[in-house]
Structure formats: C-alpha cells, structure tokens
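Structural description and commentary
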Amino acid sequence: RARPPTQMAASSLGDIMGGTPGQLPTLGEFEPLERVLLTANGNLQRLVSSYHNTSVSVRVVYSREVATGEFERKVTLLCGGTE
C-alpha cells in the first residue's frame, strides 16, 4: 500500500547524522552556518546560494578514484566571485 505523500517526503530525507530524530551530535563549538554546512545532505551549492542570495559556482580542485567506485574529491565554492 502506498504511503501518503507527506509521509514519503519525511521518511526519504536521508538523515546522514543518524541517531534519534531531533538529536544531533555535539556541534556546539560551531557557528550556526557551519552546523548547516556540516549536516547538509543535499545540494550544498543550492543551500549556500540561498543563504547568501547570490549565485554560487563549484570549482573542482581534484577528483580521483582511490579504489573501485570510491572517489576522493576536493572542490571550492565560489560565492559571488569570492572563494
């Protein structure tokens, strides 16, 4: 039986931090925006763009396969032309 759309959306958010809903590991030493960035499991470019109300682009520093199907990547976000 199909679940109502509201239940489907809530259950498919994919909480990467795990644990009990509503509880996060201790992140008190971080600023609010840092906590958002550390716990984001979606499109970080979109979140930063929305927060700063400006375009954000991604520059790939490197992307390499370290094992079969496992990649190591480093990128820089450019927000309004600032890295």
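Whatever comes next refers back to the structure up there.
These remarks concern the structure in this document.

Rules used throughout
Residues numbered from 1 in each chain as written. Predicted model: local features only at pLDDT ≥ 70, side-chain atom pairs only at ≥ 80, totals over all residues. Heavy atoms only, no water. Helix = DSSP H or I, 4+ residues; strand = E, 2+ residues; numbered from the N terminus. Buried < 20%, exposed > 50% of the residue type's maximum accessible area, 1.4 Å probe, protein only. Areas by Shrake-Rupley, 256 points an atom, 1.4 Å probe, with all protein chains shown as cover. Polar contact = N/O pair within 3.5 Å; in protein donor to acceptor, adjacent residues only side chain to side chain. Salt bridge = Lys/Arg side-chain N within 4 Å of Asp/Glu carboxyl O.

Looking only at helices and strands, the chain features three helices and two strands. Residues counted as buried form 6% of the 83 residues belonging to the chain. In the form shown here, the chain has an accessible surface area of approximately 6800 Å², with 53% of it arising from carbon and sulfur atoms.

The N-capping residue of helix α3 (residues 44-52), defined by a side-chain oxygen 3.0 Å from the backbone nitrogen of glutamine 45, is asparagine 43. Looking one or two residues past α3, asparagine 53 carries a phi angle of roughly 55°, positive in sign.

Scanning the model with the defined rule gives two salt bridges in all. Here arginine 59 and glutamate 83 are joined by a salt bridge, their closest N and O atoms 3.4 Å apart. Of the two residues, arginine 59 sits in strand β1 (residues 56-67) while glutamate 83 sits in the segment after β2 (70-79), which places them 24 residues apart along the sequence. On the basis of relative accessible area, arginine 59 is assigned to the partly exposed category, the value being 38%. Assessed through its relative accessible area of 62%, glutamate 83 is described here as exposed. One salt bridge in this structure joins glutamate 72 and arginine 64, with 2.6 Å as the shortest N-O distance. You can call glutamate 72 partly exposed: its relative accessible area is 32%.

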